[in-house]
There are 4 protein chains.
Amino acid sequence: MSARRGFASDNNAGAHPEVLEAIARANAGHVRAYGDDPWTARAVERIREHFGAGVEAFFVFGGTGANVLGLESLLRAHEAVVCSEYAHIEMDECGAPERYIGCKLLPVPNEDGKLAPELVTPRIIGIGNEHHVQPRVVSIAQSTEYGTVYTREEIHALADFAHARGMYLHMDGARLANAAASLGVGLREATVGAGVDVVSFGGTKNGLVGGEAVIFRDPAHASEFRFRRKQAMQLASKMRFIAAQFDALLTNDLWRRSAAHANRMAALLAERVRGIPGVMITQRVDANAVFATVPREAIAQLQEEFFFYVWNEERSEVRWMASFDTTEEDVETFAATIARALGSPRKASSTI
Amino acid sequence: MSARRGFASDNNAGAHPEVLEAIARANAGHVRAYGDDPWTARAVERIREHFGAGVEAFFVFGGTGANVLGLESLLRAHEAVVCSEYAHIEMDECGAPERYIGCKLLPVPNEDGKLAPELVTPRIIGIGNEHHVQPRVVSIAQSTEYGTVYTREEIHALADFAHARGMYLHMDGARLANAAASLGVGLREATVGAGVDVVSFGGTKNGLVGGEAVIFRDPAHASEFRFRRKQAMQLASKMRFIAAQFDALLTNDLWRRSAAHANRMAALLAERVRGIPGVMITQRVDANAVFATVPREAIAQLQEEFFFYVWNEERSEVRWMASFDTTEEDVETFAATIARALGSPRKASSTI
Amino acid sequence: MSARRGFASDNNAGAHPEVLEAIARANAGHVRAYGDDPWTARAVERIREHFGAGVEAFFVFGGTGANVLGLESLLRAHEAVVCSEYAHIEMDECGAPERYIGCKLLPVPNEDGKLAPELVTPRIIGIGNEHHVQPRVVSIAQSTEYGTVYTREEIHALADFAHARGMYLHMDGARLANAAASLGVGLREATVGAGVDVVSFGGTKNGLVGGEAVIFRDPAHASEFRFRRKQAMQLASKMRFIAAQFDALLTNDLWRRSAAHANRMAALLAERVRGIPGVMITQRVDANAVFATVPREAIAQLQEEFFFYVWNEERSEVRWMASFDTTEEDVETFAATIARALGSPRKASSTI
Amino acid sequence: MSARRGFASDNNAGAHPEVLEAIARANAGHVRAYGDDPWTARAVERIREHFGAGVEAFFVFGGTGANVLGLESLLRAHEAVVCSEYAHIEMDECGAPERYIGCKLLPVPNEDGKLAPELVTPRIIGIGNEHHVQPRVVSIAQSTEYGTVYTREEIHALADFAHARGMYLHMDGARLANAAASLGVGLREATVGAGVDVVSFGGTKNGLVGGEAVIFRDPAHASEFRFRRKQAMQLASKMRFIAAQFDALLTNDLWRRSAAHANRMAALLAERVRGIPGVMITQRVDANAVFATVPREAIAQLQEEFFFYVWNEERSEVRWMASFDTTEEDVETFAATIARALGSPRKASSTI
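So, how was this worked out
Residues numbered from 1 in each chain as written. Chains lettered and ligands numbered in written order. Predicted model: local features only at pLDDT ≥ 70, side-chain atom pairs only at ≥ 80, totals over all residues. Heavy atoms only, no water. Helix = DSSP H or I, 4+ residues; strand = E, 2+ residues; numbered from the N terminus. Rg over C-alpha atoms; globule rule 2.2 N^0.38 Å. Contact = heavy atoms within 4.5 Å. Areas by Shrake-Rupley, 256 points an atom, 1.4 Å probe, with all protein chains shown as cover. Lys, Arg positive; Asp, Glu negative; His and termini not counted. Charge placed at Lys NZ, Arg CZ, Asp CG, Glu CD. Pairing = 2+ DSSP bridges. Axes fitted to C-alpha atoms, helices over the stretch in contact; angles between N-to-C directions. Least-squares fit on C-alpha atoms with pLDDT ≥ 70 in both. Polar contact = N/O pair within 3.5 Å; in protein donor to acceptor, adjacent residues only side chain to side chain. Domains from an automatic or database assignment. Buried area = accessible area lost by both parts, 1.4 Å probe. Salt bridge = Lys/Arg side-chain N within 4 Å of Asp/Glu carboxyl O. Nonpolar A, V, L, I, M, F, W, Y, C, P; charged D, E, K, R; others polar. Phe/Tyr/Trp six-rings, centres within 6.5 Å; stacked < 30°, edge-to-face > 60°. Buried < 20%, exposed > 50% of the residue type's maximum accessible area, 1.4 Å probe, protein only. Lys NZ or Arg CZ within 6 Å of the ring centre and 35° of its normal.

Participant: Looking at this structure, how should I read the overall build of chain A?
Facilitator: A count of helical and extended segments in chain A gives 15 helices and 11 strands. Relative to the 2.2 N^0.38 estimate, which gives 20 Å for 352 residues, the radius of gyration of chain A is 21 Å and therefore close to what a compact globule would have. Each principal axis of the C-alpha distribution contributes one length, and for chain A these read about 60 × 55 × 30 Å. Excluding contacts between residues fewer than 6 apart, the proportion of contacts in chain A whose partners are at least 24 apart in sequence is 73%. Looking at chain A as shown, the accessible area adds up to about 11400 Å², and 49% of this sits on carbon and sulfur atoms. Separation between the mean location of the 37 positive side-chain charges and that of the 44 negative ones in chain A comes to 3 Å.

Here is the structure:
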């Protein structure tokens, strides 16, 4: 079958070879199921090396499960989560948080996928009023659904804002690696070190076959996690195979090598298409995504050759994402195709 | 780390080499995520070859998710599921069906893990009475949690019983392969061909890294499954890697080779321990599990060498399971260890 | 205790004397519980007289229960309800719909509490995309939370819009009586006759001690309602006492007498305060509510004498509501108090 | 309509005249809605007089709501409630606890509706095992669904048992008044004074129009109750009318007068039917219910004259209940009817 690479999403990519090797190595004899095995112990140890000795960490199947379980640990059904109107939990999880936790999400309009205290404030209302859900968590994505990255100071500010109100800061880190690579900091600095209470640390979009981790700054929030994970259908039977992948990801900085590469490829793509008439880049390219408006008719033509998503039909805005396995040649070919589709073949080729 | 094999559970085993190879082969280039890829299409095709051309099939992460989603497709929150008091959904899923679906389970006492119409009948009460949950599904495990296997006639009888009352028959087939191998029939004959409406077809316990399928006899019940799977946190992003494993499982009858082997090893173990004084086999050994009572003091001693589960503390009953990778030598060593622990080394060695 | 009347809410009023008399009359001997009694049969008959012979109707305890059960009858957990951003279900039910149904609400910005097809359209997206909740219901309040009233044509347009998309139209009629009185039409014309699929018909705010009805245009949607009502903790044991109240409400047009009176008192209040400097009426006074901006310092002073709610802190907007027992004298006194608080005693008194 | 009285259930009775008077008295002017009113404050004060100064108390619409909200205050979704297999929460609430809380109920077989530590013990298993729900609450009904009454010592023993395991004791007191009257103790002694953590204090079955209270021994468990009550659709808008009924119930010992009378009438009925050939009383008549086996053919004949419930079809066991308004004449007439139906008119008449 097809061995082609595109720019649709980082989860359209396969798995990093080092990850597959780790799975093969873990395939040795019998170990206890459900995480009571040495591979899981070692992977949790790796996470503590990167996120801080005091954290608690658990592996789950997918990103939606990681987000829902992280949030469930921080609030009750009559409480609420303030998030971006573009948040994955708001837009792309088919209502899983509401269904499973029973809580309400309070989406916040914004321009670039990022929250800030002044954007969150208007949703902190009705406190103590039994008719209103009570905001308890601020949830941010890092990097955001728009490919932008919060600075450490911005995260600190949101954490301080939340904590000052008895609230918590949750991070959907499906692309945390890209964000940390973009900031040039470690995983701890990018998360719990900046005041984040619970993190979904994504592996799948950074080269795993599949697997996510939920990481707690305060172990007290994790005391019932094992029961919750099982009840939420997120407990892997052969846990060692998720754990081994995380072990690989956190060995020799595979996470950063892969993420930084994807980020560079996105930056290169942005550079290549910036000058193409008709293409307008709409967001900062902080991580591995490029958002751009493209004439409607060109989109269909491009999609015939490379599948990618239209982000906003109305604005004719598309999303292009680089992944750990994107090559410079992939980028040049794609940029040239775009240029050709927009009728400026020379311009594009001249930039190569 | 340890490369030893034991008899604790078939999910303590690793993955079959053919499964790992299939994962490696699927790791080629980019494909669309979430199941809209050629590997998933091919695996669904394989399932139709084995289960019947008319079935609908979907892949999910784990067995609890498969059961919950299968059941959710068949009932509403005010309805109920009749099941064995030993059912995995009743005893070992931390209340996931109740939490997620909101429905009630109606457990039925029994001796061998198996239901039958006359056992189910007493729970079909309060029909039309708004104070009572309304029984809508009968759920059976095949093979059962006690290692026993329903005959095709027994399944047919339960299906007829259910359908005659406007109810459905659900099968938790976490070990369906072992049951079909035990019965010497195909997967279709063992399931939808015998009237089962929805099947959880387990892969993990039969040599996959991880993955289960939900299979519908009537596609009408599956019409909303894709939304439900996503909302239930069971939609794999890189679906091809689950699909490829099922493709392998259903190629060259790997499912049957592995299951039949495990069944044979369990039968061998039963044969070997049957004569050991103090060991009493408590259930038919139809599939890959051996249930036996063993003197309490011997259990602790044995567990130091081989981890396994005590099934019933009170009765001093243990469960030993064989898996696809169990060897005859493993069985002989384990049987000898048991014999030694029970003070009859000679008897055990004479049987080798 | 206090026998004073205010303008805080129509649920701050007590019960209409005819309602208390009906309760007393129903207090005769034993009847079957849970609605299988002659009082309930008669009240349902009354509802059919007013809403149409083909409707199904059920009584519940409160408005939130009525809304949640009505919505639950129309959608599944992965589907969604489009509603006004000011909707009671969105703002004032502490997340009950999300908690109980598991569904998502999709709030729509608007100016006057009213939806219209062009406002709803932008939320009808992601159809068939498993990552998105699927819009299934449009829910409107009649009269709205802003005291405005949909015309029959506006309701028809929303019903046609919904039905053309396989969706349903739900009406939160906590103040349906006020709306119908305002429109000068019957209850049928105001609801199912205009295409509404399910109505919460409010009694409490129109002079009952307590009780609401859920009314279905299509009995097929009601087929499981009795089970759902019980499971949702909304089944009254001594149902006759809710039923008798509705019987009274629908006898000799008590519902319209009370609602029309409340509407007139609101109109009178609007007339009286319109000229007071500093008071700006912000919404049409179609039913029994007056929304107005008032200088912040005057609000606190007024609230010392008459309790009422600030609707929008930021805009310094308040809500004043008339009820079935509001008298002209109450209005004049209140208007005079407002005028005095705003430093224009003469102007106010001159309008009396 | 009919003004006849029967023995079907205490909720087939109407309301006590003192209760209707209290409602009428509370119908004076405007007060704040949702319980922020003087009637509610006074009723809570009354409850503290009877249950202890330290309790927290809240009013809800119905018994199912009271039970569900009480339980929700004590556990999380992955925890479980141990209860009698005959418990109302298990058998007669259409799965409301599972649906709303998401938790599991663990029913316990028993003979007389009563739990005891040795009956509960077998369900306290799997502690710390993430696959098992974790028992957190023992829930008892007082009086039980079988009309039996726990002694104070029995309650103390269950409370001690629960508390020693970090668990709580919940009481479904739908008929608490009958139990306390039977025991000859006050409401405090019968509940929190005996170690009960949360009580559903039933009013409806003891002569109210409708209303129940949830009472907390430890206010810490009630800290989020107001939000939970609203979200659970149990917050009455015109709360004063529920509160006033409780005020009446707790004034001049109306609760005890009514309950003791009902108990006496049940005792009289038991005395009258005990000697009738074919009638076998099956449970102690501690409170206001009589359980008896009666020949099947006689049941149908009797039900033509007096509606009542068959409790156990298989055993041909029926339930007869007395209520606050049952008269001695009602009892004698009913006993005579039974005697006649069973062909022993003389015997029955001789006992009059």
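Still to come is the rest of the account.
Participant: Please clarify how the sheet that holds strand S1 (residues 56-60) of chain A should be interpreted in this entry.
Facilitator: All names here are of chain A. Strands sit in the order S1-S7-S6-S5-S4-S2-S3 across an open sheet of 7 strands; the sheet is mixed. Every interior strand has two partners, whereas the edge strands, S1 and strand S3 (104-108), have only one. The average angle at which neighbouring strand axes cross in this sheet is 25°, direction not considered. Here strand S2 (residues 79-84) runs beside strand S4 (residues 134-141); their pairing, made up of 5 bridges, is parallel. What sits directly across from Glu-79, in S4, is Gln-134.

Participant: Whenever I open this one, the relation of the copies chain A and chain C confuses me. Can you help?
Facilitator: Each copy of the chain is related to the other by a rotation around an axis and a translation along that axis. Least-squares fitting of chain A to chain C yields an RMSD of 0.0 Å, with the transformation described by 0.0 Å of translation along the axis and a rotation of 180°. Accordingly, the operation relating the two chain copies is best matched by a two-fold axis. With an isologous cut-off of 70% or more, the 100% of interface residues of chain A that recur at the interface of chain C puts this contact in the isologous class.

Participant: What's the story with the side chain of Asn-288 of chain A in this structure? I'm lost.
Facilitator: Residue and element names in this part refer to chain A. Positionally, Asn-288 belongs in the loop between strand S8 (280-281) and strand S9 (289-293). For Asn-288, the side chain forms a polar contact with the side chain of Asp-10, separated by 2.9 Å. Those residues in contact with Asn-288, other than ones at most four positions away along the chain, are Asp-10, Arg-175, Asn-178, Ala-262, Asn-263, Ala-266, Trp-320, Met-321 and Ala-322.

Participant: What is the right way to read the domain arrangement of chain A from this model?
Facilitator: All names here are of chain A. Splitting chain A by domain gives domain 1 (15-249) and domain 2 (254-341). For domain 1 and domain 2, the distance between their C-alpha centres works out to 27 Å. Contact with domain 1, which involves 27 residues of that partner, is made by 22 residues of domain 2. Carbon and sulfur atoms supply 54% of the area buried between domain 1 and domain 2, which totals about 2000 Å² over both sides. Between Arg-257 and Glu-18 there is a salt bridge, with the nearest N and O atoms lying 2.9 Å from each other. Ranked by the residues each element gives to the side of domain 1 that touches domain 2, the list is headed by helix H8 (residues 176-183), at 5 residues. Considering only residue class, the side of domain 1 that touches domain 2 consists of 11 nonpolar, 11 polar and 5 charged.

Participant: I'm lost on the packing of aromatic side chains in this one. Help?
Facilitator: When we look at a pair of aromatic rings, we describe it by the centre distance and by the angle of the planes. Within this structure, the stated rule accounts for 72 aromatic pairs over all chains. When the ring of Trp-320 of chain B is compared with that of Phe-334 of chain B, the centres are 5.3 Å apart and the planes differ by 85°; the resulting orientation is edge-to-face. You can see Trp-320 of chain B sitting in strand S11 (residues 317-321) and its partner Phe-334 of chain B sitting in helix H14 (residues 328-341), a full 14 residues away along the chain. Trp-320 of chain B gets classed as buried once you look at its relative accessible area, which sits at 1%. For Phe-334 of chain B, a relative accessible area of 0% corresponds to the buried category. With 5.4 Å between their ring centres and 75° between their planes, Phe-216 of chain C and Phe-225 of chain C make a pair best called edge-to-face. Each member of the pair Phe-216 of chain C and Phe-225 of chain C is classed as buried. Members of the aromatic cluster, each reached through a chain of ring pairs, are Phe-7, Phe-306, Phe-308, Trp-320 and Phe-334 of chain A. For Arg-226 of chain C, the ring lying beneath its charged end belongs to Phe-227 of chain C, and the centroid distance is 5.8 Å.

Participant: Honestly, the sheet that holds strand S10 (residues 309-312) of chain A in this entry has me stumped. Any pointers?
Facilitator: Note: strands within a sheet are paired through backbone hydrogen bonds, in either parallel or antiparallel orientation. Residues and elements named next belong to chain A. Strand order in the open sheet made by the 4 strands is S8-S9-S11-S10, with antiparallel pairing throughout. Every other strand in the sheet has two partners, leaving S8 and S10 as the edge strands with one partner each. Of the pairings in the sheet, the one linking S8 to S9 comprises 2 bridges and is antiparallel in character. Bridge pairing links Ile-281 to Ala-292 in S9.

Participant: Can you walk me through the relation of the copies chain A and chain B in this structure?
Facilitator: Turning chain A through 180° and shifting it by 0.0 Å along the axis lays it on chain B, with an RMSD of 0.0 Å. Residue by residue, 100% of the interface of chain A is reproduced at the interface of chain B, so both copies engage with the same surface.

Participant: For this particular structure, what's the right way to read the pattern of salt bridges?
Facilitator: Pairing between side chains becomes possible if they bear opposite charge and their charged atoms approach one another. Here the structure, examined in full by the defined rule, presents 84 salt bridges over all chains. Close ionic contact of Asp-36 of chain C with Arg-32 of chain C constitutes a salt bridge, the shortest N to O distance being 3.5 Å. With a relative accessible area of 36%, Arg-32 of chain C lands in the partly exposed category. Each of Arg-42, Arg-46, Glu-49 and Asp-247 of chain A takes part in a single network of salt bridges with overlapping partners.

Participant: What is the right way to look at unusual backbone geometry in this model?
Facilitator: Note: most residues except glycine have negative phi, and most peptide bonds are trans. Residue Ser-143 of chain B is reached from Gln-142 of chain B by a cis peptide bond, and omega for that bond is -15°. A positive phi angle, close to 65°, is found at Met-233 of chain A, a residue other than glycine. Tracing the backbone through its elements, the reader meets Met-233 of chain A in the loop between helix H10 (225-231) and helix H11 (240-249).

Participant: I keep staring at the interface of chain A and chain B and nothing clicks. Help me out?
Facilitator: Quoted interface sizes are often the accessible area lost when the parts come together. Each partner contributes residues to the interface: chain A has 58 residues there, and chain B has 58 residues. With both chains or domains summed, chain A and chain B bury close to 5000 Å², and 57% of this area falls on carbon and sulfur atoms. Scanning the region where chain A abuts chain B turns up 2 salt bridges. Between Arg-99 of chain B and Glu-72 of chain A there is a salt bridge, and its shortest N-O distance comes to 2.9 Å. The tally of links from chain A across to chain B stands at 36 residue pairs in polar contact (both at pLDDT 80 or more). Of all the elements in the fold, those that place two or more residues in the side of chain A that touches chain B are helix H1 (17-26), helix H2 (38-51), helix H3 (63-72), helix H5 (96-101), H10 and H11 of chain A. Looking at the side of chain A that touches chain B residue by residue, the classes come out as 26 nonpolar, 19 polar and 13 charged.

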